[in-house]
Amino acid sequence: MQLKKYLEKKILEELKRGNDKPNLQLRTKTGLHNWHNCKARKFTRTLFRLRTGHNRLNGHLSRFNKSINPNCQDCHRDEETAEHVLLQCKSWIPERGEINHYFHTHNIQPELTNLLGLNPSFPSKTQFNITRLLVKYLRNTRIIYRI
Ligand SMILES: [Zn+2]
């Protein structure tokens, strides 16, 4: 058991080295967190793409294909990134209401890491509640089909 813990710690240190992405840097253990999975595989895949930043949003795709307009398909104002479509896009203010209300009443900063289950300081009940609200948002806005 001691050896297993030691190896997990070493693996995590190795993974974090040379990678500044929050989905790795904020981790306290290896493996999956329960709240990173949904009953529907489609949502689990979408959440994984959002956490890693490897998604099909215009902001990411335009980095590899210069013919793709990086701007948001909904508001056409800002670059279409995970942070934009989930937290900032003016086209989805009413749909974001429940998430904002939950964050406000639980004193949680409206940041991407908190929304994507990457903040290890929240209890698992909170993580599950946030994931449930995020899945609902992705479904209602149909953003899930673009990620
Ligand atoms: Zn937008």
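Reading guide: rules and limits
- Residues numbered from 1 in each chain as written.
- Predicted model: local features only at pLDDT ≥ 70, side-chain atom pairs only at ≥ 80, totals over all residues.
- Helix = DSSP H or I, 4+ residues; strand = E, 2+ residues; numbered from the N terminus.
- Rg over C-alpha atoms; globule rule 2.2 N^0.38 Å.
- Buried ≥ 20, exposed ≤ 12 C-beta atoms within 10 Å, placed from the backbone.
- Contact = placed C-beta atoms within 7 Å.
- Core = buried A, V, L, I, M, F, W, Y, C linked by C-beta atoms within 7 Å.
- pLDDT = per-residue confidence, 0-100.
- Axes fitted to C-alpha atoms, helices over the stretch in contact; angles between N-to-C directions.
- Parallel < 35°, antiparallel > 145°, perpendicular 65-115°, else oblique.
- Left-handed = near helix turned anticlockwise from the far one by under 90°.
- Nonpolar A, V, L, I, M, F, W, Y, C, P; charged D, E, K, R; others polar.

A. Layout of the overall build of the protein chain. On a plain count of helices and strands, the protein chain comes out with eight helices and zero strands. Walking the protein chain from its N terminus toward its C terminus, one meets helices and strands in the order α-α-α-α-α-α-α-α. For the protein chain, whose C-alpha radius of gyration is 16 Å, the value lies close to the compact-globule estimate of 15 Å for 147 residues. For the protein chain, the spread of C-alpha atoms along the principal axes amounts to about 55 × 40 × 25 Å. Of all 147 residues assigned to the protein chain, the portion counted as buried reaches 18%. A fraction of 52% describes how many contacts in the protein chain between residues 6 or more apart in sequence connect residues 24 or more apart.

B. Inspection of the environment of I11 at higher detail. Assignment of secondary structure puts I11 in helix α1 (residues 2-16). Spatially, the C-alpha atoms of I11 and K29 are 9.3 Å apart, while their sequence positions differ by 18 residues.

C. Region of interest: unusual backbone geometry. In this structure, H76 is a non-glycine residue whose phi angle is positive, near 60°. Take H76: there are 10 C-beta atoms within 10 Å of it, and that puts it in the exposed class. At R142, a position not held by glycine, the phi torsion is positive, near 65°. Relative to the elements of secondary structure, R142 occurs in the segment after α8 (124-141). Given 9 C-beta atoms within a 10 Å radius, R142 is considered exposed.

D. Region of interest: the nonpolar core. A82, V85, L115, L116 and L134 are the most contacted members of the largest nonpolar core, which has 16 residues in total. Secondary-structure elements contributing two or more residues to this core are α3 (41-52), α5 (82-88) and α8. The greatest single-element share of this core, amounting to four residues, is contributed by α8. When residues no more than four places from it in sequence are discounted, the contact partners of L134 are I99 and L115.

E. Molecular detail of the confidence of the model for the protein chain. Averaged over the protein chain, the pLDDT score is 89; the fraction of residues at 70 or greater is 99%. Across the protein chain, element-level confidence peaks in helix α6 (residues 97-105) with a mean pLDDT of 98 and bottoms out in helix α2 (residues 22-25) with 73.

F. Expanded view of the packing of α6 against α8. Put simply, α6 and α8 touch, their axes get as near as 9 Å, and they point 160° apart. In terms of axis orientation, α6 runs roughly antiparallel to α8. Crossing of α6 over α8 shows left-handed handedness. Touching E98, I99 and Y102 of α6 are N129, I130, L133, L134 and Y137, all from α8. Partitioned by chemical class, the residues of the contact of α6 with α8 number six nonpolar, one polar and one charged.

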